[in-house]
Amino acid sequence: MNTVSSWRAVWLIAKRELNTRLRTRSFVIGTAALLVILMGYVLLQSTLISNEDKSKIGLTGQTAGIAQQLQKAGEAIGEKIETVTVADPAQGRAEVENGDLDALLSGNATELKVLVKSELDTKLRSLLNGVSQQEVLNGILSEFQKSPEEVMRTVGQTQVEVDSIKPPDPAKSQRMVIGLIVAVLLYMSIVTYGTLVAQGVVEEKSSRVVEILLSTVRPWHLLLGKVIGLGLVGLTQLVIIGGAGFAVASATNVLTLSGVATGALLWGVVWYLLGFLLYATVYGAMGSLVSRQEDTQSVIGPVNIVLILGFVVGFNLLTQAPEGTGTKILSLVPLLSPVLMPARIAAGTVEVWEIALSLGLTVGAIALFTWLGARIYQNSVLRVGSRIKLSEAFKG
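Residues numbered from 1 in each chain as written. Predicted model: local features only at pLDDT ≥ 70, side-chain atom pairs only at ≥ 80, totals over all residues. Heavy atoms only, no water.

1. Structural notes on the overall build of the protein chain
For clarity, the cut-off: For the purposes of this entry, the term helix denotes a DSSP run of H or I that reaches at least four residues, the term strand denotes a run of E that reaches at least two, and both are numbered from the N terminus. The classification of residues rests on relative accessible area computed with a 1.4 Å probe and restricted to protein chains. Under 20% of the type maximum is buried, over 50% is exposed, and intermediate values are partly exposed. Contacts between residues were defined by any pair of non-hydrogen atoms, one from each residue, lying within 4.5 Å. Each accessible area is a Shrake-Rupley estimate made with a 1.4 Å probe; only the visible protein chains count as cover when residues are assessed.
The helix and strand tally for the protein chain stands at 15 helices and 4 strands. Going through the 396 residues of the protein chain one by one, you find that 40% of them count as buried. Taking contacts inside the protein chain between residues at least 6 apart in sequence as the whole, the part at least 24 apart equals 74%. Counting every atom, the protein chain has about 21500 Å² of accessible surface; 60% of that belongs to carbon and sulfur.

2. Overview of a nonpolar patch on the surface
So the rule is basically this: The patches reported here contain residues having more than 30% relative accessible area and no salt bridge. Joining distances are 9 Å for like charges and 5 Å for nonpolar side chains (Val, Leu, Ile, Met, Phe, Trp, Tyr). Salt-bridge detection follows one rule: a side-chain nitrogen of Lys or Arg within 4 Å of a carboxyl oxygen of Asp or Glu.
Together, Leu34, Ile37 and Met188 make up a nonpolar patch on the protein surface, roughly 260 Å² of accessible area in all. Tracing the sequence through the fold places leucine 34 in helix 2 (residues 25–52).

3. Let's talk about the environment of glutamine 199
Counting through the fold element by element, glutamine 199 comes out in helix 7 (residues 172–206). For glutamine 199, a relative accessible area of 27% corresponds to the partly exposed category. Taking the C-alpha atoms as reference points, glutamine 199 and glutamine 297, 98 residues apart in sequence, are found 9.2 Å from one another. Apart from residues no more than four positions distant in its own chain, glutamine 199 is found in contact with Gln293 and Thr296.

4. Here's the deal with the environment of alanine 94
Here alanine 94 lies in helix 4 (residues 89–97). A relative accessible area of 37% places alanine 94 in the partly exposed class. Placed 23 residues apart in sequence, alanine 94 and lysine 117 show a C-alpha to C-alpha distance of 9.6 Å.

5. Some points on the packing of helix 11 (residues 296–320) against helix 12 (residues 325–332)
Note the cut-off: Every angle, taken between N-to-C directions, lies between 0 and 180 degrees, and every axis is a line fitted to C-alpha atoms, over only the stretch in contact when it is a helix. What sets the label is the angle itself: under 35 degrees gives roughly parallel, over 145 gives roughly antiparallel, 65 to 115 gives roughly perpendicular, and the rest give oblique. Here a crossing is taken to be left-handed if its near helix is turned anticlockwise relative to the far helix by less than a right angle, and right-handed if that turn runs clockwise. Think of it as three bins: nonpolar holds Ala, Val, Leu, Ile, Met, Phe, Trp, Tyr, Cys and Pro, charged holds Asp, Glu, Lys and Arg, and polar takes everything else, Gly as well.
Running from amino to carboxyl end, helix 11 crosses helix 12 at an angle of 140°, the nearest separation of the two axes being 9 Å. Between helix 11 and helix 12, the angle falls in the class oblique. Taken as a pair, helix 11 and helix 12 cross one another with a handedness that is left-handed. Contacts from Val313, Leu317 and Leu318 of helix 11 reach helix 12 at Gly326, Thr327 and Leu330. When the residues that make up the contact of helix 11 with helix 12 are grouped by side-chain class, the tally is 4 nonpolar, 2 polar and no charged.

6. A look at the pairing of strand 3 (residues 103–108)
Within a regular strand, the side chains alternate between the two sheet faces. Selection rule: A pair of strands is treated as paired once DSSP finds two or more bridges between them.
Of the strand pairs in this sheet, strand 1 (residues 54–59) and strand 3 are connected by 3 bridges, and their pairing is parallel. Bridging from a neighbouring strand, isoleucine 57 pairs with alanine 103 of strand 3. Here 5 bridges tie strand 3 to strand 4 (residues 111–115), and the two strands are oriented antiparallel to one another. The residue bridging leucine 104 from the neighbouring strand is leucine 115, located in strand 4. Connecting strand 3 to the next strand, strand 4, in antiparallel fashion are 2 residues.

7. With respect to the nonpolar core
The cut-off we apply is this: For this analysis, a nonpolar core means a set of buried residues of the types Ala, Val, Leu, Ile, Met, Phe, Trp, Tyr and Cys, connected via side-chain atoms within 4.5 Å.
By size, the foremost hydrophobic cluster in this structure holds 66 residues, and its most contacted members are Tyr272, Phe276 and Met286. Looking at this core, the elements with two or more residues in it are helix 1 (6–22), helix 7, helix 9 (219–251), helix 10 (258–287), helix 11, helix 13 (337–347) and helix 14 (352–380). It is helix 7 that contributes the most residues to this core, 15 residues altogether. Setting aside its immediate chain neighbours within four residues, tyrosine 272 contacts Leu186, Ser189, Ile190, Tyr193, Leu230, Gly231, Gly234, Leu235 and Leu238. Judged by nonpolar contacts, the second largest core, of 15 residues, contains Ile81, Ala103, Leu105 and Leu112.

8. A word on the UniProt feature "transmembrane region" (unreviewed entry) in the protein chain
The condition is simple: UniProt positions are given in the numbering used here, feature names are shortened, and annotations may be inferred rather than shown by experiment.
UniProt tags residues 26–44, 176–202, 222–247, 254–279, 299–318 and 355–377 as "transmembrane region" (unreviewed entry). Helix and strand shares over residues 176–202 are 100% and 0% respectively, and the end C-alpha atoms of the span are 39 Å apart. Annotated as residues 355–377, this span is 100% helix and 0% strand, and its ends, taken at the C-alpha atoms, are 32 Å apart.

9. Here we look at the pattern of salt bridges
Using the criterion set out here, one finds 6 salt bridges in the structure. Notably, a salt bridge pairs arginine 292 with aspartate 295, separated by 3.0 Å at the nearest N-O pair. In this structure, arginine 344 and glutamate 354 form a salt bridge, with 3.2 Å as the shortest nitrogen-oxygen distance. Placement of the pair is arginine 344 in helix 13 and glutamate 354 in helix 14, with a sequence separation of 10 residues. The class of arginine 344 is buried, set by a relative accessible area of 0%. Connected via shared salt-bridge partners are Arg16, Glu17, Arg21 and Lys226.

10. With respect to helix 11
Note the threshold: Expected span, for any helix, means 1.5 Å times one less than how many residues it has. Think of it this way: the bend at a residue is just the angle between two axes, each fitted to seven residues, one set ending at that residue and the other starting at it.
Given a rise of 1.5 Å per residue, 25 residues ought to cover 36 Å, and the 35 Å separating the end C-alpha atoms of helix 11 matches this to within 8%. Most pronounced at proline 302, the bend in helix 11 amounts to some 40°. Those residues of helix 11 not exposed but buried are Thr296, Val299, Ile300, Gly301, Val303, Asn304, Leu307, Gly310, Phe311, Gly314 and Leu318.

11. Focus: the packing of aromatic side chains
As a reminder, the rule being used: Working definition: a ring pair exists when centres of Phe, Tyr or Trp rings (six-membered ring for Trp) sit within 6.5 Å. Plane angles under 30 degrees give stacked, over 60 give edge-to-face, the rest tilted.
Inspection of every chain in the model, using the stated rule, returns 2 aromatic pairs. Residues tyrosine 272 and phenylalanine 276 carry aromatic rings whose centres are separated by 5.7 Å and whose planes lie at 25° to one another, so their mutual orientation is stacked. Of the two residues, tyrosine 272 and phenylalanine 276 both sit in helix 10, 4 residues apart, roughly one turn of that helix. For tyrosine 272, a relative accessible area of 0% puts it in the buried group.

And the structure:
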């Protein structure tokens, strides 16, 4: 005879899992380690972003006279050019070798010679070629008594006419990066905490603790409570890592779309909850088929394979064809929606009806999988010994 109501029992079990897991060293150390890795990555990106459009060029001899042209040419293509006059070519060579200079120019404006450490950047090569060619053109025009400025003004007025179906999105690349990061975080969280559900079921089953618990609560109470508890643990870690990552990325200007990032985090929370509920009951049901921890991977392997294959295929589609038909179709499949749909939402490549449809299909799949998982769990959790066949567990 149950002494507590159904939902009270579920909440007590969930609370037990939440309190136990949040206080473990593995949770604290794991979260701290992920935060350190994420912070390091964000700071690295901040450094790369600050340096990616900046070049420091040393000028020797006659090339000192084109410093202004170099800077103007850099501004035209969005690259900051810093020039320094180098009196001693040997000193300039040493600075190129140790990385203080990106390039050292010598010769004259029409016959530039460039010294680099290994390879000349493509944008910088084009810029230097353009400046040198301009100087050559100016010289030829002067011979024909033509004004270089007038000729270039006439030439510059000739432009191709561009027409686009829809206006370009200047934040497209950043949106995509946010979407991919969300996909990775959700995939890792679902796999990690789904596996913990299976391991927890096996642990209670092998220690016979489950027999004591089931004398007070029903099997589905125990499974659902465990799923909710571990789900909240995973959500806590996800919010800590995601929130800290977005905060640091915004502070270091790695991330400028704060609104998109906030929306991505909120949608990530929604889809994490749906995805975890979808998979965790299956993980728990699979875990109930065995009585030893060493057998756990053999029963949850097929579930992991579905997630891994879906993630790999979906991730590639997101990077190569975010608006492609294949990406749209896979993101509507309930088993893959929790990873792909929030990434598409963050990337801005999804319609409202697609979000609604994927939510409906995923909720329906959760109801189906919860019923199947609860049935398997109820019929096998008290059976110890050798591994139970899935068909036997389902029939009872």
